[in-house]
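Examining the three-dimensional arrangement
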Amino acid sequence: PLGPAVKVDVTEIAKPYREEVRAAIHDRYGGVGPKLVAFLANTDPYARQYAEWTGRACEADGIRYELRIINENELEQKLYEANEDASVHGILIYYPVFGFFPSFYGGSMDDYLRDSVSFKKDVEGLSFTYRFNLYRNIRFMDAATSAPARGPELKCLLPCTALSVVKILESIGGYDLSLPVGERMTGKTVSIINRSEIVGRPLGALLANDGADIYSVDIDSIYHFRRGQLLQTSETPESAVRRSDVIVCGVPVKDYKLPTAWVKPGAIVVNVASYKNVEEEALLQVPGVKFVPLVGKVTIAMLERNLMRLFAQYHAEAAP
Ligand code: NAD
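All values reported here derive from a predicted model rather than from experimental measurement.

**Comments concerning the overall build of the chain**
Tallying secondary structure elements over the chain gives 10 helices and 11 strands in all. Along the first, second and third principal axes, the C-alpha set of the chain runs to 60 × 45 × 35 Å. Every one of the 320 residues in the chain was classed for burial, and the buried ones make up 51%. Sequence separation of 24 or more characterises 63% of the internal contacts of the chain that already satisfy a separation of 6 or more. Put simply, the chain shows about 14800 Å² of open surface, and 54% of that area lies on carbon and sulfur atoms. With 36 positive and 40 negative side-chain charges, the chain shows a separation of 4 Å between the mean positions of the two kinds.

**What about the sheet that holds strand 8 (residues 229-232)?**
If you trace the eight strands from one edge of the open sheet to the other, you get 1-11-10-9-5-6-7-8, paired in mixed fashion. Either end of the sheet is taken by a strand with one partner, and the two such strands are strand 1 (6-7) and strand 8. The pairing of strand 6 (residues 213-217) with strand 7 (residues 222-226) spans five bridges and is antiparallel. By the bridge assignment, V217 is partnered in strand 7 with I222. Along the sheet, helix 7 (residues 200-209) contacts strand 5 (189-193), strand 6, strand 7, strand 8 and strand 9 (246-249); its crossing angle with strand 5, the most-contacted strand, is approximately 170 degrees.

**So, the domain arrangement of the chain**
The parts lose accessible area when they come together, and the size of an interface is often stated as this lost area. Segmenting the chain into domains produces domain 1 (27-121 + 142-154 + 299-318) and domain 2 (161-297). Domain 1 and domain 2 are separated by 26 Å when their C-alpha centres are compared. Listed as interface residues are 10 residues of domain 1 and, on the opposing side, 12 residues of domain 2. Of the roughly 960 Å² buried between domain 1 and domain 2 on both sides combined, carbon and sulfur atoms contribute 62%. The tally of links between domain 1 and domain 2 comes to zero salt bridges. Our enumeration of links across domain 1 and domain 2 arrives at five residue pairs in polar contact (both at pLDDT 80 or more). Looking at the side of domain 1 that touches domain 2, the elements with two or more residues in it are helix 2 (45-61) and helix 10 (296-315).

**Focus: the sheet that holds strand 2 (residues 35-40)**
Taking strand neighbours across the sheet as the criterion, the three strands line up as 3-2-4 in an open arrangement whose pairing is parallel. Two strands in the sheet have a free side with no partner beyond their single neighbour: strand 3 (64-69) and strand 4 (90-93). Neighbour to neighbour, the strand axes of the sheet diverge by 20 degrees on average, direction disregarded. Where strand 2 meets strand 3, six bridges bridge the pair, whose relative direction is parallel. Across the sheet, A38 pairs through a bridge with L67, a residue of strand 3. Sitting on the sheet, helix 2 touches strand 2, strand 3 and strand 4, and the angle it makes with strand 3 is about 160 degrees. The strands that helix 3 (residues 75-84) touches are strand 2 and strand 4; relative to strand 4, the one it contacts most, it runs at about 165 degrees.

**Overview of helix 6 (residues 160-171)**
Between its terminal C-alpha atoms helix 6 stretches 16 Å, which fits the 16 Å expected from 12 residues at 1.5 Å a residue. Of all 12 residues in helix 6, 10 are buried; the element is thus mostly enclosed. The inward-facing, buried residues of helix 6 abut helix 1 (11-28), helix 7, strand 9, strand 10 (268-271), strand 11 (290-292) and helix 10. Directly beyond the C-terminal end of helix 6, a positive phi value near 95 degrees is found at G173.

**A short note on the nonpolar core**
The nonpolar side chains of soluble globular proteins are, as a tendency, buried together. Of all hydrophobic cores here, the largest spans 68 residues; its most connected members are L36, Y94, L207 and V270. When residues of this core are assigned to their parent elements, the largest contribution, 10 residues, is made by helix 10. Built from parts of two domains, this core gets at least three residues from each of domain 1 (27-121 + 142-154 + 299-318) and domain 2 (161-297). Leaving out residues up to four positions away in the same chain, Y94 has contacts with A38, F39, L40, N42, A47, Y50, A51, T54, Y65 and L67.

**Structural notes on the side chain of S164**
Along the chain, S164 falls in helix 6. The residues contacting S164, other than those within four sequence positions of it, are V295, V298, T299 and M302.

**Regarding the pattern of salt bridges**
Pairing between side chains becomes possible if they bear opposite charge and their charged atoms approach one another. As enumerated under the stated definition, the model contains 19 salt bridges in all. Across the pair K7 and E280 runs a salt bridge whose closest N-O atoms are separated by 2.7 Å. You can see K7 sitting in strand 1 and its partner E280 sitting in helix 9 (residues 280-283), a full 273 residues away along the chain. Ionic contacts of the salt-bridge type, sharing partners, join the residues D115, R131, E197 and R201 into one network.

Definitions and cut-offs
- Residues numbered from 1 in each chain as written.
- Predicted model: local features only at pLDDT ≥ 70, side-chain atom pairs only at ≥ 80, totals over all residues.
- Heavy atoms only, no water.
- Helix = DSSP H or I, 4+ residues; strand = E, 2+ residues; numbered from the N terminus.
- Buried < 20%, exposed > 50% of the residue type's maximum accessible area, 1.4 Å probe, protein only.
- Contact = heavy atoms within 4.5 Å.
- Areas by Shrake-Rupley, 256 points an atom, 1.4 Å probe, with all protein chains shown as cover.
- Lys, Arg positive; Asp, Glu negative; His and termini not counted.
- Charge placed at Lys NZ, Arg CZ, Asp CG, Glu CD.
- Pairing = 2+ DSSP bridges.
- Axes fitted to C-alpha atoms, helices over the stretch in contact; angles between N-to-C directions.
- Domains from an automatic or database assignment.
- Buried area = accessible area lost by both parts, 1.4 Å probe.
- Salt bridge = Lys/Arg side-chain N within 4 Å of Asp/Glu carboxyl O.
- Polar contact = N/O pair within 3.5 Å; in protein donor to acceptor, adjacent residues only side chain to side chain.
- Expected span 1.5 Å × (residues − 1).
- Core = buried A, V, L, I, M, F, W, Y, C linked by side-chain atoms within 4.5 Å.

Quick look at the structure:
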C-alpha cells in the first residue's frame, strides 16, 4: 500500500556535492577556487534571482564568482574575451538573451552563444561538443573530438540541469541502485514535457542511456527515446503520462498545468520550469506521489562540480 504523497526539498541532495567541491578547493588548491564568470544580459527576474543564488553558493564553497551585467549587444565580444582569458576557468550565460517569452524562450542566437562557449570553460555542459557526445553516449573527450587530450581521463561534461534531475531521481528512489550502472532505469517509463536542448532532450538522453523508455513531449509532437534512438510513437501525451513512473515538467508558460488525473499513484513528478506546472494541492492527494517542486539547488551544485572538473582537466596546472 502506498503512503501519502510527499513534497521533496532537494537541499539535502545538493549538500554532499557542494561539500566535495569545498573540500577539493581546500585540500587540493590551497583554498583558492577556480574563477567562474557569469554573464547576465537580460532583465528576466528569474535569471537575476538564479544569478544571485549561484553567486551565494559559489562564494560559500570557495569558488570565485564574478557576475558581469552587460548589454545583450556586447555579449558576443565579451564572451570571446572570456574564452581567451587564462584567469577565467568557467563561463556561464543566463538565458534567454535574445528573444524573450512569450515570443520564444531563447531562439537561434542563444543557440549560437551556447555553442560559442569554449568547451574548456563550458560549466553548463551545453555547447555542441558535449551534447553531441551525450547523444552518442560517448563519455570521454579524446575518443570523439579534436579536443587536445591528455589521456583517457578527460571526461565529457553533462548538461547541469539534466544532470541535477538524474541526481535527484537517484536519491529519491527513481533509480534501481541494485542494477548495474547503465541499467538502473530499465523498465521505467518517463515522460518529459519539454524537448529543448537545455533541459528536455539532454535529460531524455541521459535517462535513456540508463535504460528508461522516454516519452519526449513537445508542444506539437511526441517521440519515444530508447537508448540512442528517437522513435515515432502512437502514444499521446495523456497516454504516455498515465503510464509514467517519472514525469518531468519544463513548460515555460504560466498557465500550463499537468492534469493531475493523468498522474499514477507512486509516480515521481519533477517541476524544472520556473513556473509551477502542476496543480500542487491536488497532486499531493495522489497516494505515493513524490513531488519535486524545485531543482535549482542541485543544478547549482552540478554547475560547481562541472567547474571543478574543467579546472582539473584544463586549467589547474597553469592556474595563477
Ligand atoms: P524552451 O522554450 O527552450 O523549451 C520549452 C519546451 O516546452 C519546448 O520543448 C516546448 O515545445 C515545450 N512546451 C511549451 N509549451 C508546451 C505545452 N503547452 N505543452 C507541451 N510542451 C510545451 O525553454 P527551456 O530553456 O527548456 O526552459 C524551460 C523552463 O525550464 C523555463 O521555465 C526555464 O526557466 C526553466 N529552466 C530551469 C532550470 C533549472 O535548473 N531549474 C534550468 C534551465 C531552464
